[in-house]
Amino acid sequence: MTVASVNPATGETLKTFPSLTSDEIEERVALAHRAFRDQRRTTFATRAAWMTATADVLDSRREDVARVMTAEMGKTIVSARAEAAKCARTMRFYAEHAEGFLADEPLADPSAVGAKAAMIRWQPLGVVLAVMPWNFPLWQVVRFAAPALMAGNTGLLKHASNVPQTALLLDELFREGGFPEGCFQALLIGSGQVEGVLRDPRVAAATLTGSEAAGRSVAAIAGDEVKKTVLELGGSDAFVVMPSADLEAAVATAVTGRVQNNGQSCIAAKRFIVHDAVFDAFAEAFTARMRGLRVGDPADEATDVGPLATESGREDVVELVDDAVRAGATVLCGGETPDGPGWFYPPTVLDGITSEMRIHTEEVFGPVAQLYRVSTADEAIGIANATSFGLGAAAWTTDADEKELFVNELEAGAVFVNGLVASSPQLPFGGIKRSGYGRELSALGIREFCNAKTVWVS
Ligand code: NAP
């Protein structure tokens, strides 16, 4: 099997790589395991110096890295630069805060457990396998690797098969930053080779960001091996708009939320649930803005929406939209696959969604928005929660009671009130229900791949 970089704006194959042989995988797993034995004894200060240097290298190479991401998965060059900058900030965040997040936590009254001293000591678990998606090819990896390496773990990256060049760049960045050999390695392997790595006794744990199917498979194998996992899976998040909302801000954020990363973001708002009193005004302004977006070459600074990353990804979007239209949905804009090279799909708004349509329950990974009209906050919550996913919901209202209601009742790993759902290193990130489990980022994220060792001393 080969791992290939293909330009989604043209369909042209840029580079192919043979996947690693079992001997090559064995070499890398052994190296990661040996590196962990040294790494766990290094100080936070040493690791922070390497992490900060890696951030510096990334900043100095931002343009190259951004161009590789744009070329191999089609994100706009402007968003690719922003992604690289955010990764460098996150590296610095963990360089600065890891030691505090993992400091010993002494029990205030050890005599209550019959000890002279008792505490939690956070220690790294070992080699962590990261199975990652292509949509934010740098960010998804860094949000795992920055905390994991700062904790003293070592990482093996199985990146998505369509972003091998970004995977190899990550490898280079950590090495150029000074991390010793074996601390972070990209494995160019297909998904069929993941099981062998995951079952290897030298691999302690795994994290996967991707589809529900991939998550289920990795979690099943890890469960069989009794290994810790974190899963960050899909989402079909709600964006609720109530009559008191600042409509202009809500519309602008709704557009950004839906089309960011060409519509391929797990936490993108996908279902827009709007109160009857403002529905028509919202639908009109939202559709006008979606229609006005500039679709085209992602390397062009003026482009708002580039192509979808893969041909099969576009086919999935087309199928979901066609299914909805056949079942009676109204297309307010978009909905037609353009001719010509590349896997472009226009910003699309659908109204009249019913529960018979696949799009009602399945995640649509492209710039397609669904509108729902509701009469009450409770009705909005009912529709928002009528999904197997639960990642990051948004509610727009200036009413204090409604804010509390949405914060308490929306079933999601995060609720943002009057803002764009986004990840940041300071805040935990993750889902509930079939969006996965575990948390990345913040203090919670760095502790996922640590042993919370109970220490009792008499
Ligand atoms: P995907 O097919 O699940 O791929 C993700 C990664 O898993 C790739 O490295 C892929 O390798 C690997 N993989 C696929 N099947 C596997 C299996 N059976 N065993 C082991 N590894 C396997 O996901 P995608 O379609 O590329 O990405 C989109 C999905 O990711 C969406 O559902 C999106 O919502 C979700 N996502 C979630 C988050 C989050 O934070 N919650 C963030 C981003 C994306 P190959 O490329 O070699 O197949």
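Refer to the structure presented above.
Residues numbered from 1 in each chain as written. Predicted model: local features only at pLDDT ≥ 70, side-chain atom pairs only at ≥ 80, totals over all residues. Heavy atoms only, no water.

A. Representation of the overall build of the protein chain within the structure. Scanning the protein chain from N- to C-terminus turns up 15 helices and 18 strands. Against the 2.2 N^0.38 benchmark of 23 Å for 458 residues, the protein chain shows a C-alpha radius of gyration of 23 Å, consistent with a compact globule. Counting all 458 residues of the protein chain, 55% fall into the buried class. For the protein chain, the computed accessible surface area is about 18000 Å², with 52% contributed by carbon and sulfur atoms. One way to put it: in the protein chain the 41 positive side-chain charges average out to a point 7 Å from where the 59 negative ones average out. (Helix = DSSP H or I, 4+ residues; strand = E, 2+ residues; numbered from the N terminus. Rg over C-alpha atoms; globule rule 2.2 N^0.38 Å. Buried < 20%, exposed > 50% of the residue type's maximum accessible area, 1.4 Å probe, protein only. Areas by Shrake-Rupley, 256 points an atom, 1.4 Å probe, with all protein chains shown as cover. Lys, Arg positive; Asp, Glu negative; His and termini not counted. Charge placed at Lys NZ, Arg CZ, Asp CG, Glu CD.)

B. Main features of the site of the ligand. Taken together, 28 residues surround the ligand, and among them Trp134, Arg143, Ser161, Ser211 and Glu363 come closest. Ser161 is positioned such that a nitrogen or oxygen atom in its side chain is 2.5 Å from an oxygen atom of the ligand. Listing elements by their share of the shell around the ligand, those giving two or more residues are α5 (139–151) and α8 (212–225). With 3 residues, the top contributor of residues to the shell around the ligand is α8. Among the residues forming the shell around the ligand, the class breakdown is 13 nonpolar, 11 polar and 4 charged. (Near = heavy atom within 4 Å. Polar contact = N/O pair within 3.5 Å; in protein donor to acceptor, adjacent residues only side chain to side chain. Nonpolar A, V, L, I, M, F, W, Y, C, P; charged D, E, K, R; others polar.)

C. Local environment of the sheet that holds strand β18 (residues 450–457). Pairing is antiparallel across the open sheet formed by 3 strands, whose spatial order is β3-β4-β18. Two strands lie at the open edges of the sheet, namely β3 (105–106) and β18, each paired on one side alone. Relative to strand β4 (residues 117–124), β3 runs antiparallel, the two being bridged by 2 bridges. Its bridge partner lying in β4, Glu105 is registered against Ile120. (Pairing = 2+ DSSP bridges.)

D. Highlighting the side chain of Ser442. Within the secondary structure, Ser442 sits in helix α15 (residues 442–447). Leave out the neighbours within four places in its chain, and Ser442 touches Tyr94, Phe101, Pro425, Gln426, Leu427 and Pro428. (Contact = heavy atoms within 4.5 Å.)

E. Spotlight on the pattern of salt bridges. A full pass over the atoms with the stated rule returns 28 salt bridges. Ionic pairing is found between Lys270 and Glu363, a salt bridge with its closest N-O pair at 2.9 Å. With a gap of 93 residues between them, Lys270 in strand β11 (residues 269–275) and Glu363 in the loop between α12 (358–361) and β14 (368–374) connect regions that are remote in the sequence. In this structure, Lys433 and Glu411 form a salt bridge, with 2.7 Å as the shortest nitrogen-oxygen distance. Of this pair, Lys433 sits in the loop between β16 (414–417) and β17 (436–437) while Glu411 sits in the loop between α14 (400–409) and β16, placing them 22 residues apart in sequence. The exposure class assigned to Lys433 is partly exposed, which follows from its relative accessible area of 36%. The exposure class of Glu411 is partly exposed, given its relative accessible area of 37%. Among the charged side chains, a network of salt bridges with common partners joins Asp56, Asp59, Arg62 and Arg92. (Salt bridge = Lys/Arg side-chain N within 4 Å of Asp/Glu carboxyl O.)

F. Quick look at the sheet that holds strand β12 (residues 330–333). With respect to topology, 7 strands assemble into an open sheet ordered β12-β13-β14-β11-β10-β15-β16, the strand pairing being mixed. Every interior strand has two partners, whereas the edge strands, β12 and β16, have only one. Pairs of neighbouring strands in the sheet enclose a mean axial angle of 25°, with direction left out of account. By the bridge criterion, 3 bridges tie β12 to strand β13 (residues 348–351) in an arrangement that is antiparallel. By the bridge assignment for β13, Val331 is matched with Leu350. Sitting on the sheet, helix α10 (residues 276–291) touches β10 (237–241), β11, β12, β13 and β14, and the angle it makes with β14 is about 170°. (Axes fitted to C-alpha atoms, helices over the stretch in contact; angles between N-to-C directions.)

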